[in-house]
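The primary structure of each chain is shown beneath.
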Amino acid sequence: MHLYLTRHTWHQHEGVYACGFCYGGNGRVLSGPDLAMHFASASDEASLFRLLKAVNGQFAVIVDREGFRAAAVDRTRTIPLFYSDGGLADQPYSLPRNGDIDNMALLQYRASGNTFAGKTLYKDIRQVPAAAMVCWRNSGVQTLQYWTLLCRHDDERTATVEEVDECLHEVFQRTVENIGKRPVAIPLSGGYDSRLIAVMLKQHGITDALCYHIGHPGSDEERYAREAAEKLGFKYIFLDGEKLAAENTASLDDTDFCNYYQYVGDYTNFVWLYEYYGLKRMFSAGYIAPDTVFLPGHSGDFIAGSHLRKGCISPRSSTNALATSIVLRSFEYRAGVRVAKEVRDYFKKELAGGHTAVSAYQWFIMQNRQAQQIVNSTKVYGFFGHQVLLPLWDNSLVDLFRTLPYKQLIDCTLYTDCVKRIFSKAGLSTERAGGGGRPAKLPRLAIKRMLPKAVANRMVSIGDETGEYAMCQPMLRELVDTGCYPSARHFTSSNEIIKDWYELKALRRQSRNGCQARCTAKACGGDSF
(Lines give C-alpha, C1' and ligand atoms only; values in the text may rest on other atoms or scores of the structure.)
Protein backbone atom coordinates (compact mmCIF):
# COMPACT_ATOMS: atom_id res chain seq x y z
CA MET A 1 0.00 0.00 0.00
CA HIS A 2 1.50 3.32 -1.06
CA LEU A 3 1.24 6.05 1.59
CA TYR A 4 1.02 9.75 0.73
CA LEU A 5 1.39 11.44 4.13
CA THR A 6 2.28 15.00 3.22
CA ARG A 7 -0.12 17.28 5.10
CA HIS A 8 0.45 16.42 8.75
CA THR A 9 3.33 15.32 10.96
CA TRP A 10 3.22 11.53 11.30
CA HIS A 11 5.17 9.26 13.62
CA GLN A 12 5.91 5.63 12.85
CA HIS A 13 6.54 2.62 15.08
CA GLU A 14 6.70 -0.97 13.85
CA GLY A 15 4.59 -0.34 10.76
CA VAL A 16 2.07 1.90 12.53
CA TYR A 17 1.74 5.58 11.59
CA ALA A 18 -0.08 7.93 13.96
CA CYS A 19 -1.00 11.61 14.01
CA GLY A 20 -2.74 13.71 16.67
CA PHE A 21 -3.12 12.79 20.33
CA CYS A 22 -5.07 10.72 22.83
CA TYR A 23 -5.36 10.60 26.60
CA GLY A 24 -3.68 7.66 28.27
CA GLY A 25 -5.18 5.70 31.14
CA ASN A 26 -3.21 7.72 33.69
CA GLY A 27 -4.37 11.02 32.20
CA ARG A 28 -1.11 11.53 30.32
CA VAL A 29 -1.34 13.03 26.85
CA LEU A 30 0.02 10.63 24.24
CA SER A 31 1.28 12.23 21.04
CA GLY A 32 4.16 11.88 18.60
CA PRO A 33 6.12 8.63 18.97
CA ASP A 34 4.13 7.71 22.11
CA LEU A 35 0.88 7.73 20.14
CA ALA A 36 2.38 5.51 17.44
CA MET A 37 3.65 3.08 20.09
CA HIS A 38 0.22 3.05 21.73
CA PHE A 39 -1.49 1.91 18.53
CA ALA A 40 1.39 -0.41 17.62
CA SER A 41 0.30 -2.65 20.49
CA ALA A 42 -2.55 -3.85 18.25
CA SER A 43 -1.53 -7.08 16.55
CA ASP A 44 -4.60 -7.66 14.37
CA GLU A 45 -7.95 -6.13 13.32
CA ALA A 46 -9.76 -7.30 16.46
CA SER A 47 -7.23 -5.82 18.86
CA LEU A 48 -7.11 -2.53 16.92
CA PHE A 49 -10.91 -2.40 16.99
CA ARG A 50 -10.92 -2.81 20.78
CA LEU A 51 -8.21 -0.20 21.16
CA LEU A 52 -10.12 2.32 19.03
CA LYS A 53 -13.29 1.85 21.08
CA ALA A 54 -11.36 2.81 24.21
CA VAL A 55 -9.24 5.68 22.83
CA ASN A 56 -10.23 9.24 23.75
CA GLY A 57 -8.64 11.91 21.59
CA GLN A 58 -8.23 13.53 18.18
CA PHE A 59 -6.21 11.24 15.93
CA ALA A 60 -5.71 9.24 12.77
CA VAL A 61 -3.87 5.94 12.61
CA ILE A 62 -2.58 3.75 9.78
CA VAL A 63 -1.34 0.17 10.07
CA ASP A 64 0.85 -1.00 7.20
CA ARG A 65 2.13 -4.44 8.12
CA GLU A 66 2.41 -7.65 6.19
CA GLY A 67 -1.03 -9.28 6.38
CA PHE A 68 -2.52 -6.45 8.45
CA ARG A 69 -3.45 -3.16 6.78
CA ALA A 70 -5.96 -0.75 8.25
CA ALA A 71 -6.71 2.95 8.76
CA ALA A 72 -8.92 4.71 11.30
CA VAL A 73 -9.94 8.20 12.40
CA ASP A 74 -11.45 9.53 15.62
CA ARG A 75 -15.14 10.05 16.32
CA THR A 76 -15.28 13.46 14.67
CA ARG A 77 -12.85 12.92 11.77
CA THR A 78 -10.59 15.78 12.86
CA ILE A 79 -7.74 14.34 10.75
CA PRO A 80 -9.31 12.95 7.56
CA LEU A 81 -7.84 10.00 5.64
CA PHE A 82 -8.49 9.23 1.96
CA TYR A 83 -7.82 6.11 -0.10
CA SER A 84 -8.10 4.67 -3.58
CA ASP A 85 -6.76 1.67 -5.44
CA GLY A 86 -3.52 3.63 -5.70
CA GLY A 87 -2.87 4.16 -2.01
CA LEU A 88 -3.77 5.95 1.22
CA ALA A 89 -3.30 9.67 1.96
CA ASP A 90 -3.99 12.44 4.48
CA GLN A 91 -5.23 14.61 1.59
CA PRO A 92 -6.88 13.41 -1.63
CA TYR A 93 -4.82 15.29 -4.20
CA SER A 94 -1.89 12.85 -4.23
CA LEU A 95 -4.12 9.89 -5.03
CA PRO A 96 -4.43 8.89 -8.69
CA ARG A 97 -7.97 9.21 -10.06
CA ASN A 98 -9.60 8.69 -13.44
CA GLY A 99 -11.82 11.76 -13.13
CA ASP A 100 -15.16 9.93 -12.93
CA ILE A 101 -17.61 11.86 -10.76
CA ASP A 102 -19.56 9.99 -8.09
CA ASN A 103 -23.03 11.17 -9.06
CA MET A 104 -24.61 10.08 -5.79
CA ALA A 105 -21.97 11.92 -3.77
CA LEU A 106 -22.55 14.99 -5.92
CA LEU A 107 -26.26 14.87 -5.13
CA GLN A 108 -25.44 14.60 -1.43
CA TYR A 109 -23.13 17.59 -1.71
CA ARG A 110 -25.73 19.66 -3.54
CA ALA A 111 -28.35 18.92 -0.88
CA SER A 112 -26.21 19.44 2.21
CA GLY A 113 -22.95 21.19 1.33
CA ASN A 114 -20.85 18.06 1.87
CA THR A 115 -20.62 14.47 0.74
CA PHE A 116 -21.88 11.83 3.15
CA ALA A 117 -19.58 9.72 5.32
CA GLY A 118 -17.04 7.69 3.38
CA LYS A 119 -17.46 9.48 0.05
CA THR A 120 -15.80 12.21 -2.00
CA LEU A 121 -16.98 13.82 -5.22
CA TYR A 122 -14.87 11.33 -7.19
CA LYS A 123 -15.79 7.67 -7.58
CA ASP A 124 -12.34 6.23 -7.08
CA ILE A 125 -11.41 8.29 -4.00
CA ARG A 126 -13.01 7.31 -0.72
CA GLN A 127 -12.50 8.50 2.83
CA VAL A 128 -12.50 6.86 6.24
CA PRO A 129 -15.80 7.73 7.98
CA ALA A 130 -15.90 9.24 11.47
CA ALA A 131 -15.48 6.64 14.23
CA ALA A 132 -14.61 3.95 11.70
CA MET A 133 -11.79 1.62 10.72
CA VAL A 134 -11.15 0.63 7.13
CA CYS A 135 -9.44 -2.74 6.60
CA TRP A 136 -7.73 -4.08 3.50
CA ARG A 137 -8.29 -7.81 3.11
CA ASN A 138 -7.76 -10.33 0.37
CA SER A 139 -11.49 -10.21 -0.26
CA GLY A 140 -11.50 -6.41 -0.62
CA VAL A 141 -11.86 -3.28 1.46
CA GLN A 142 -14.22 -3.33 4.43
CA THR A 143 -15.37 -0.49 6.71
CA LEU A 144 -16.04 -1.29 10.38
CA GLN A 145 -17.81 1.20 12.64
CA TYR A 146 -16.14 1.02 16.04
CA TRP A 147 -18.51 3.52 17.72
CA THR A 148 -21.89 5.15 17.02
CA LEU A 149 -24.43 7.40 18.72
CA LEU A 150 -27.12 4.78 18.16
CA CYS A 151 -28.80 3.37 21.25
CA ARG A 152 -31.87 1.41 22.29
CA HIS A 153 -34.54 2.31 24.83
CA ASP A 154 -32.96 -0.06 27.36
CA ASP A 155 -29.70 1.92 27.10
CA GLU A 156 -31.26 5.20 28.20
CA ARG A 157 -30.52 6.65 31.62
CA THR A 158 -31.14 10.02 33.19
CA ALA A 159 -28.28 12.14 34.45
CA THR A 160 -28.05 15.05 36.86
CA VAL A 161 -26.65 18.54 36.50
CA GLU A 162 -24.01 17.52 39.03
CA GLU A 163 -22.88 14.62 36.82
CA VAL A 164 -22.54 16.88 33.80
CA ASP A 165 -20.68 19.47 35.87
CA GLU A 166 -18.28 16.84 37.20
CA CYS A 167 -17.71 15.48 33.70
CA LEU A 168 -16.96 18.96 32.35
CA HIS A 169 -14.35 19.54 35.05
CA GLU A 170 -12.65 16.23 34.21
CA VAL A 171 -12.66 17.12 30.51
CA PHE A 172 -11.15 20.55 31.05
CA GLN A 173 -8.56 19.29 33.48
CA ARG A 174 -7.32 17.01 30.67
CA THR A 175 -7.61 19.82 28.17
CA VAL A 176 -5.54 22.27 30.22
CA GLU A 177 -2.86 19.62 30.75
CA ASN A 178 -2.81 19.14 26.98
CA ILE A 179 -2.45 22.88 26.37
CA GLY A 180 0.48 23.13 28.76
CA LYS A 181 2.13 26.53 28.61
CA ARG A 182 1.04 27.33 25.07
CA PRO A 183 -1.08 30.45 24.31
CA VAL A 184 -4.83 29.98 23.91
CA ALA A 185 -7.28 31.52 21.41
CA ILE A 186 -11.06 31.18 21.66
CA PRO A 187 -13.39 32.13 18.78
CA LEU A 188 -16.09 33.64 20.99
CA SER A 189 -19.77 34.04 20.13
CA GLY A 190 -22.90 34.98 22.03
CA GLY A 191 -23.99 31.36 22.36
CA TYR A 192 -23.33 28.93 25.17
CA ASP A 193 -20.64 26.64 23.75
CA SER A 194 -17.71 29.01 23.22
CA ARG A 195 -18.45 30.95 26.42
CA LEU A 196 -18.58 27.67 28.34
CA ILE A 197 -15.12 26.82 27.03
CA ALA A 198 -13.82 30.22 28.15
CA VAL A 199 -15.30 29.85 31.65
CA MET A 200 -14.01 26.31 32.14
CA LEU A 201 -10.51 27.24 31.00
CA LYS A 202 -10.50 30.11 33.48
CA GLN A 203 -11.64 27.82 36.29
CA HIS A 204 -8.84 25.38 35.46
CA GLY A 205 -6.03 27.89 35.61
CA ILE A 206 -5.87 29.56 32.20
CA THR A 207 -5.43 33.23 33.06
CA ASP A 208 -4.29 34.60 29.72
CA ALA A 209 -6.37 33.82 26.63
CA LEU A 210 -7.20 35.69 23.46
CA CYS A 211 -10.91 35.82 22.63
CA TYR A 212 -12.10 37.18 19.31
CA HIS A 213 -15.41 37.72 17.57
CA ILE A 214 -16.21 38.43 13.92
CA GLY A 215 -19.54 40.10 13.35
CA HIS A 216 -21.61 43.26 13.54
CA PRO A 217 -20.82 45.92 16.18
CA GLY A 218 -23.49 46.23 18.83
CA SER A 219 -25.22 42.94 18.03
CA ASP A 220 -26.29 40.57 20.82
CA GLU A 221 -23.64 38.12 19.61
CA GLU A 222 -20.91 40.70 19.96
CA ARG A 223 -22.20 42.08 23.26
CA TYR A 224 -22.37 38.70 25.01
CA ALA A 225 -18.97 37.71 23.65
CA ARG A 226 -17.36 40.96 24.80
CA GLU A 227 -18.98 40.79 28.25
CA ALA A 228 -17.76 37.22 28.77
CA ALA A 229 -14.16 38.00 27.79
CA GLU A 230 -14.04 41.13 29.96
CA LYS A 231 -15.60 39.38 32.95
CA LEU A 232 -13.06 36.56 32.73
CA GLY A 233 -10.16 38.96 32.30
CA PHE A 234 -9.25 37.69 28.82
CA LYS A 235 -8.03 39.87 25.96
CA TYR A 236 -10.80 40.58 23.45
CA ILE A 237 -10.53 41.45 19.76
CA PHE A 238 -13.51 42.42 17.66
CA LEU A 239 -13.40 42.24 13.85
CA ASP A 240 -16.16 44.08 12.01
CA GLY A 241 -17.50 41.65 9.39
CA GLU A 242 -18.51 44.43 7.02
CA LYS A 243 -15.06 46.05 7.10
CA LEU A 244 -13.40 42.66 6.79
CA ALA A 245 -15.48 41.98 3.69
CA ALA A 246 -14.53 45.32 2.14
CA GLU A 247 -10.87 44.37 2.47
CA ASN A 248 -11.28 40.88 1.05
CA THR A 249 -13.27 40.86 -2.17
CA ALA A 250 -10.16 40.58 -4.33
CA SER A 251 -9.22 37.91 -6.86
CA LEU A 252 -10.18 34.33 -6.08
CA ASP A 253 -6.93 33.30 -7.74
CA ASP A 254 -4.88 34.52 -4.78
CA THR A 255 -2.41 31.71 -4.01
CA ASP A 256 -3.11 31.63 -0.27
CA PHE A 257 -6.87 31.46 -0.81
CA CYS A 258 -6.54 28.72 -3.44
CA ASN A 259 -4.44 26.70 -1.01
CA TYR A 260 -7.01 27.31 1.73
CA TYR A 261 -10.10 26.17 -0.15
CA GLN A 262 -8.29 23.06 -1.36
CA TYR A 263 -7.04 22.30 2.18
CA VAL A 264 -10.53 22.52 3.68
CA GLY A 265 -12.55 21.30 0.69
CA ASP A 266 -10.75 18.00 -0.05
CA TYR A 267 -13.40 17.09 -2.67
CA THR A 268 -15.93 16.78 0.17
CA ASN A 269 -16.94 20.18 1.59
CA PHE A 270 -17.68 23.78 0.75
CA VAL A 271 -15.66 26.35 2.71
CA TRP A 272 -16.31 29.32 4.98
CA LEU A 273 -14.77 32.69 4.19
CA TYR A 274 -15.09 34.99 7.19
CA GLU A 275 -13.02 32.85 9.57
CA TYR A 276 -10.24 32.55 6.99
CA TYR A 277 -10.08 36.29 6.36
CA GLY A 278 -10.47 37.08 10.06
CA LEU A 279 -7.56 34.85 11.01
CA LYS A 280 -5.48 36.22 8.17
CA ARG A 281 -6.04 39.74 9.50
CA MET A 282 -5.09 38.74 13.06
CA PHE A 283 -1.97 36.91 11.95
CA SER A 284 -0.81 39.88 9.89
CA ALA A 285 -1.42 42.17 12.89
CA GLY A 286 0.67 39.92 15.13
CA TYR A 287 -2.18 39.02 17.50
CA ILE A 288 -1.60 35.25 17.24
CA ALA A 289 1.56 33.64 18.62
CA PRO A 290 3.10 30.82 16.51
CA ASP A 291 2.25 28.04 18.99
CA THR A 292 -1.27 29.20 19.88
CA VAL A 293 -3.88 26.48 20.47
CA PHE A 294 -7.41 27.21 19.21
CA LEU A 295 -10.45 25.99 21.17
CA PRO A 296 -13.67 26.62 19.19
CA GLY A 297 -17.09 25.65 20.48
CA HIS A 298 -18.19 24.32 17.08
CA SER A 299 -21.53 22.52 17.47
CA GLY A 300 -20.84 21.52 21.06
CA ASP A 301 -24.53 21.70 21.93
CA PHE A 302 -25.46 19.28 19.13
CA ILE A 303 -24.74 16.28 21.30
CA ALA A 304 -26.94 17.87 23.99
CA GLY A 305 -29.95 17.84 21.63
CA SER A 306 -29.94 21.21 19.86
CA HIS A 307 -31.13 19.73 16.53
CA LEU A 308 -34.15 17.92 17.94
CA ARG A 309 -36.44 20.93 18.39
CA LYS A 310 -35.59 22.47 15.01
CA GLY A 311 -36.07 19.04 13.44
CA CYS A 312 -39.43 18.51 15.21
CA ILE A 313 -38.18 15.09 16.35
CA SER A 314 -39.77 13.01 19.09
CA PRO A 315 -39.39 9.40 20.32
CA ARG A 316 -42.46 8.55 18.22
CA SER A 317 -41.09 9.95 14.95
CA SER A 318 -41.62 7.51 12.09
CA THR A 319 -39.22 6.62 9.29
CA ASN A 320 -40.93 9.07 6.95
CA ALA A 321 -41.01 11.84 9.57
CA LEU A 322 -37.30 11.42 10.30
CA ALA A 323 -36.36 11.39 6.62
CA THR A 324 -38.56 14.38 5.84
CA SER A 325 -36.98 16.32 8.70
CA ILE A 326 -33.50 15.67 7.33
CA VAL A 327 -34.43 16.55 3.76
CA LEU A 328 -36.44 19.70 4.52
CA ARG A 329 -35.08 20.94 7.85
CA SER A 330 -31.50 19.71 8.18
CA PHE A 331 -30.40 20.04 4.55
CA GLU A 332 -30.01 23.68 3.63
CA TYR A 333 -30.56 23.08 -0.09
CA ARG A 334 -32.81 21.11 -2.40
CA ALA A 335 -32.53 17.33 -2.23
CA GLY A 336 -33.59 15.13 -5.12
CA VAL A 337 -35.49 11.86 -4.97
CA ARG A 338 -32.37 9.70 -4.88
CA VAL A 339 -30.95 11.44 -1.81
CA ALA A 340 -34.35 11.43 -0.13
CA LYS A 341 -34.62 7.67 -0.72
CA GLU A 342 -31.10 7.11 0.64
CA VAL A 343 -32.02 9.00 3.82
CA ARG A 344 -35.29 7.13 4.18
CA ASP A 345 -33.58 3.76 3.72
CA TYR A 346 -31.10 4.64 6.47
CA PHE A 347 -33.87 5.37 8.99
CA LYS A 348 -35.87 2.33 7.94
CA LYS A 349 -32.85 0.13 8.65
CA GLU A 350 -31.95 1.69 12.01
CA LEU A 351 -35.49 1.68 13.38
CA ALA A 352 -35.97 -1.91 12.25
CA GLY A 353 -32.75 -2.72 14.13
CA GLY A 354 -34.31 -1.56 17.39
CA HIS A 355 -32.56 1.80 17.69
CA THR A 356 -34.48 4.78 19.01
CA ALA A 357 -35.76 7.39 16.58
CA VAL A 358 -33.90 10.12 18.47
CA SER A 359 -30.53 8.36 18.42
CA ALA A 360 -30.93 7.40 14.74
CA TYR A 361 -31.58 11.06 13.92
CA GLN A 362 -28.64 12.24 16.03
CA TRP A 363 -26.26 9.70 14.51
CA PHE A 364 -27.23 10.57 10.94
CA ILE A 365 -26.51 14.25 11.56
CA MET A 366 -23.32 13.60 13.51
CA GLN A 367 -21.86 11.29 10.87
CA ASN A 368 -23.03 13.17 7.79
CA ARG A 369 -23.02 16.79 8.93
CA GLN A 370 -21.18 17.50 12.17
CA ALA A 371 -18.10 15.40 11.40
CA GLN A 372 -18.17 15.97 7.63
CA GLN A 373 -18.84 19.71 7.63
CA ILE A 374 -18.91 21.48 11.01
CA VAL A 375 -15.86 19.89 12.61
CA ASN A 376 -14.24 19.89 9.16
CA SER A 377 -14.45 23.70 9.18
CA THR A 378 -12.00 23.79 12.11
CA LYS A 379 -9.31 22.81 9.60
CA VAL A 380 -8.96 26.55 9.00
CA TYR A 381 -6.78 26.67 12.13
CA GLY A 382 -4.67 23.79 10.88
CA PHE A 383 -4.24 25.57 7.57
CA PHE A 384 -2.50 28.38 9.43
CA GLY A 385 -0.33 25.84 11.27
CA HIS A 386 -2.14 25.67 14.62
CA GLN A 387 -3.54 22.86 16.72
CA VAL A 388 -7.24 22.82 17.49
CA LEU A 389 -8.76 21.16 20.56
CA LEU A 390 -12.46 20.25 20.79
CA PRO A 391 -13.14 19.66 24.50
CA LEU A 392 -16.92 19.60 24.04
CA TRP A 393 -16.43 16.49 21.87
CA ASP A 394 -14.44 14.63 24.53
CA ASN A 395 -15.55 10.98 24.63
CA SER A 396 -16.70 11.07 28.25
CA LEU A 397 -18.99 14.04 27.65
CA VAL A 398 -20.39 12.61 24.42
CA ASP A 399 -21.01 9.21 26.03
CA LEU A 400 -22.86 10.84 28.92
CA PHE A 401 -25.27 12.63 26.55
CA ARG A 402 -25.57 9.68 24.18
CA THR A 403 -27.87 7.69 26.47
CA LEU A 404 -29.95 10.54 27.89
CA PRO A 405 -33.73 10.20 27.56
CA TYR A 406 -35.57 12.52 25.21
CA LYS A 407 -36.89 14.75 28.01
CA GLN A 408 -33.34 15.75 28.93
CA LEU A 409 -32.27 16.30 25.31
CA ILE A 410 -35.16 18.31 23.92
CA ASP A 411 -34.31 22.03 24.08
CA CYS A 412 -30.91 20.94 25.47
CA THR A 413 -32.64 20.85 28.87
CA LEU A 414 -29.90 19.20 30.93
CA TYR A 415 -27.07 21.00 29.14
CA THR A 416 -28.77 24.38 29.51
CA ASP A 417 -29.43 23.86 33.22
CA CYS A 418 -25.78 22.98 33.78
CA VAL A 419 -24.41 25.87 31.71
CA LYS A 420 -26.66 28.39 33.42
CA ARG A 421 -25.43 27.25 36.81
CA ILE A 422 -21.79 27.54 35.72
CA PHE A 423 -22.36 30.96 34.16
CA SER A 424 -24.20 32.26 37.23
CA LYS A 425 -21.33 31.25 39.52
CA ALA A 426 -18.87 32.98 37.16
CA GLY A 427 -20.97 36.15 36.98
CA LEU A 428 -21.77 35.74 33.26
CA SER A 429 -25.11 36.42 31.63
CA THR A 430 -27.21 33.29 31.17
CA GLU A 431 -28.87 34.86 28.12
CA ARG A 432 -27.69 33.89 24.66
CA ALA A 433 -27.89 35.41 21.22
CA GLY A 434 -30.28 34.07 18.63
CA GLY A 435 -32.52 31.90 20.74
CA GLY A 436 -34.80 29.28 19.29
CA GLY A 437 -37.80 30.41 17.25
CA ARG A 438 -40.59 28.09 16.20
CA PRO A 439 -39.58 25.69 13.41
CA ALA A 440 -41.08 26.56 10.03
CA LYS A 441 -44.03 24.45 8.90
CA LEU A 442 -43.22 21.65 6.46
CA PRO A 443 -45.62 22.75 3.67
CA ARG A 444 -43.96 26.17 3.63
CA LEU A 445 -40.50 24.60 3.46
CA ALA A 446 -41.56 22.20 0.71
CA ILE A 447 -43.10 24.96 -1.41
CA LYS A 448 -40.06 27.18 -0.96
CA ARG A 449 -37.78 24.36 -2.18
CA MET A 450 -39.91 23.89 -5.32
CA LEU A 451 -39.89 27.55 -6.35
CA PRO A 452 -37.49 28.74 -9.05
CA LYS A 453 -34.29 30.00 -7.42
CA ALA A 454 -34.78 33.54 -8.71
CA VAL A 455 -38.23 33.66 -7.08
CA ALA A 456 -37.05 32.12 -3.80
CA ASN A 457 -34.19 34.64 -3.77
CA ARG A 458 -36.70 37.50 -3.53
CA MET A 459 -38.47 35.83 -0.61
CA VAL A 460 -35.47 35.50 1.72
CA SER A 461 -33.58 38.06 3.74
CA ILE A 462 -29.87 37.34 3.42
CA GLY A 463 -28.26 38.56 6.62
CA ASP A 464 -24.60 39.39 6.55
CA GLU A 465 -23.37 39.87 10.10
CA THR A 466 -20.02 38.24 9.39
CA GLY A 467 -19.58 39.87 5.98
CA GLU A 468 -19.68 36.50 4.23
CA TYR A 469 -22.25 37.55 1.63
CA ALA A 470 -20.12 40.50 0.56
CA MET A 471 -17.00 38.29 0.56
CA CYS A 472 -18.54 35.77 -1.83
CA GLN A 473 -19.60 38.28 -4.51
CA PRO A 474 -16.60 37.40 -6.74
CA MET A 475 -17.76 33.78 -6.53
CA LEU A 476 -21.26 34.80 -7.60
CA ARG A 477 -19.87 36.71 -10.58
CA GLU A 478 -17.80 33.70 -11.63
CA LEU A 479 -20.82 31.39 -11.39
CA VAL A 480 -22.78 33.75 -13.64
CA ASP A 481 -19.88 34.33 -16.06
CA THR A 482 -19.28 30.60 -16.52
CA GLY A 483 -22.97 29.92 -17.12
CA CYS A 484 -23.43 27.87 -13.95
CA TYR A 485 -26.00 30.43 -12.77
CA PRO A 486 -28.51 31.77 -15.31
CA SER A 487 -28.72 35.02 -13.34
CA ALA A 488 -27.25 36.79 -10.32
CA ARG A 489 -30.33 35.79 -8.30
CA HIS A 490 -29.93 32.03 -8.64
CA PHE A 491 -29.29 31.42 -4.91
CA THR A 492 -30.97 31.68 -1.52
CA SER A 493 -27.97 32.17 0.80
CA SER A 494 -24.29 33.08 0.77
CA ASN A 495 -23.53 29.47 1.74
CA GLU A 496 -25.23 28.30 -1.44
CA ILE A 497 -23.05 30.58 -3.55
CA ILE A 498 -19.89 29.26 -1.89
CA LYS A 499 -21.13 25.66 -2.17
CA ASP A 500 -21.81 25.96 -5.90
CA TRP A 501 -18.55 27.81 -6.51
CA TYR A 502 -16.58 25.06 -4.79
CA GLU A 503 -18.33 22.46 -6.95
CA LEU A 504 -17.28 24.45 -10.00
CA LYS A 505 -13.66 24.43 -8.83
CA ALA A 506 -13.51 20.88 -7.48
CA LEU A 507 -14.95 19.36 -10.64
CA ARG A 508 -13.08 21.76 -12.93
CA ARG A 509 -16.12 23.04 -14.78
CA GLN A 510 -14.53 26.08 -16.28
CA SER A 511 -16.11 26.56 -19.71
CA ARG A 512 -19.14 28.80 -20.11
CA ASN A 513 -21.27 26.25 -21.92
CA GLY A 514 -19.84 23.34 -20.10
CA CYS A 515 -21.06 24.13 -16.71
CA GLN A 516 -23.78 22.30 -18.41
CA ALA A 517 -21.37 19.42 -17.70
CA ARG A 518 -23.79 19.03 -14.83
CA CYS A 519 -25.07 15.55 -14.21
CA THR A 520 -27.75 14.38 -16.58
CA ALA A 521 -31.28 14.20 -15.29
CA LYS A 522 -31.04 10.42 -15.27
CA ALA A 523 -27.75 10.33 -13.36
CA CYS A 524 -28.60 13.03 -10.85
CA GLY A 525 -32.30 12.59 -10.31
CA GLY A 526 -33.03 15.87 -12.05
CA ASP A 527 -30.88 17.91 -9.66
CA SER A 528 -28.51 20.62 -10.85
CA PHE A 529 -27.44 24.08 -9.90
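In the block above lies the structure referred to throughout.
We now turn to the structure provided with this report. (Residues numbered from 1 in each chain as written. Predicted model: local features only at pLDDT ≥ 70, side-chain atom pairs only at ≥ 80, totals over all residues. Heavy atoms only, no water.)

**Details of the nonpolar core**
Point 1. Phe 39, Leu 168, Leu 201, Phe 257, Phe 347 and Phe 401 are the most contacted members of the largest nonpolar core, which has 162 residues in total.
Point 2. Per element, the largest residue contribution to this core is nine residues, and it comes from helix H13 (residues 357-374).
Point 3. If sequence neighbours within four positions are ignored, Phe 401 has contacts with Val 164, Ile 303, Ala 304, Leu 409 and Tyr 415.
Point 4. Counting 13 residues, the second largest nonpolar core, distinct from the first, contains Leu 3, Ile 62, Val 73 and Val 134. (Core = buried A, V, L, I, M, F, W, Y, C linked by side-chain atoms within 4.5 Å. Buried < 20%, exposed > 50% of the residue type's maximum accessible area, 1.4 Å probe, protein only. Helix = DSSP H or I, 4+ residues; strand = E, 2+ residues; numbered from the N terminus. Contact = heavy atoms within 4.5 Å.)

**Concerning empty space enclosed by the protein**
Point 1. By the definition in use, this model includes three cavities of 30 Å³ or more.
Point 2. Within this model, the largest cavity holds a volume of roughly 160 Å³.
Point 3. Mapped by element, the contributors of at least two residues to the lining of the largest cavity are strand E3 (16-23), strand E5 (57-65) and helix H4 (161-179).
Point 4. A per-class count over the lining of the largest cavity returns six nonpolar, seven polar and three charged.
Point 5. The calculated volume of the second largest cavity comes to roughly 90 Å³.
Point 6. Breaking the lining of the second largest cavity down by element, the ones donating at least two residues are H13 and helix H15 (395-402).
Point 7. Looking at side-chain class alone, the lining of the second largest cavity contains seven nonpolar, three polar and two charged residues. (1 Å grid on protein atoms, 1.4 Å probe; cavity = no way out; pocket = protein on both sides within 12 Å on 5 of 7 lines; lining within 4 Å. Points joined across faces, edges and corners; volume = space filled by probe spheres on them. Nonpolar A, V, L, I, M, F, W, Y, C, P; charged D, E, K, R; others polar.)

**Let's talk about helix H6 (residues 220-232)**
Point 1. For H6, which comprises 13 residues, the first-to-last C-alpha distance of 18 Å matches the rise-based estimate of 18 Å (1.5 Å per residue) to within 8%.
Point 2. Turning to H6, its buried residues number three or more, namely Glu 222, Tyr 224, Ala 225, Ala 228, Ala 229 and Leu 232.
Point 3. In this fold, the buried residues of H6 make contact with helix H5 (193-203), strand E13 (209-215) and strand E14 (235-240). (Expected span 1.5 Å × (residues − 1).)

**Focus on the pairing of E14**
Point 1. For E13 and E14, the ladder comprises six bridges, and the chain directions are parallel. Bridge pairing in E14 links Gly 215 to Asp 240. (Pairing = 2+ DSSP bridges.)

**Quick word on unusual backbone geometry**
Of all residues except glycine, most have a negative phi; of all peptide bonds, most are trans.
Point 1. Located in the positive-phi region is Glu 14, a residue other than glycine, with phi close to 50°.
Point 2. One can find Glu 14 in the loop between strand E2 (11-13) and E3.
Point 3. The class of Glu 14 is exposed, set by a relative accessible area of 54%.
Point 4. The phi angle at Asp 266 is positive, at roughly 50°, despite the residue not being glycine.
Point 5. For Asp 266, the position within the fold is in the loop between helix H8 (255-265) and helix H9 (274-284).

**Regarding the environment of Ile 206**
Point 1. Its place among the elements puts Ile 206 in the loop between H5 and E13.
Point 2. On a C-alpha basis, the gap between Ile 206 and Ile 179 in space is 9.5 Å, while along the polypeptide they are 27 residues apart.
Point 3. Residues contacting Ile 206, with those up to four places away along its chain left out, are Val 176, Val 184, Leu 201 and Phe 234.

**Focus: the pattern of salt bridges**
Point 1. By the definition in use, this model includes 21 salt bridges.
Point 2. Between Arg 157 and Glu 163 there is a salt bridge, with its nearest N and O atoms 3.0 Å apart.
Point 3. Given a relative accessible area of 28%, Glu 163 falls into the partly exposed group.
Point 4. Two residues, Glu 222 and Arg 226, come together in a salt bridge whose shortest N-O distance is 2.7 Å. Pair noted here: Glu 222 and Arg 226 are both in helix H6, with a separation of four residues, about one helical turn.
Point 5. The class of Glu 222 is buried, set by a relative accessible area of 6%.
Point 6. Classification of Arg 226 by relative accessible area gives partly exposed; the value is 32%. (Salt bridge = Lys/Arg side-chain N within 4 Å of Asp/Glu carboxyl O.)

**Here's the deal with the layout of surface pockets**
Point 1. For the second largest pocket, the calculated volume is near 600 Å³.
Point 2. Surrounding the second largest pocket, 24 residues form its lining, His 8, Cys 19, Ile 79, His 386 and Gln 387 being those nearest its centre.
Point 3. Elements represented by at least two residues in the lining of the second largest pocket include exactly E3, helix H14 (379-383) and strand E16 (387-388).
Point 4. In terms of residue count, the dominant contributor to the lining of the second largest pocket is E3 (three residues).
Point 5. A breakdown of the residues in the lining of the second largest pocket according to their chemical character gives seven nonpolar, 13 polar and four charged.

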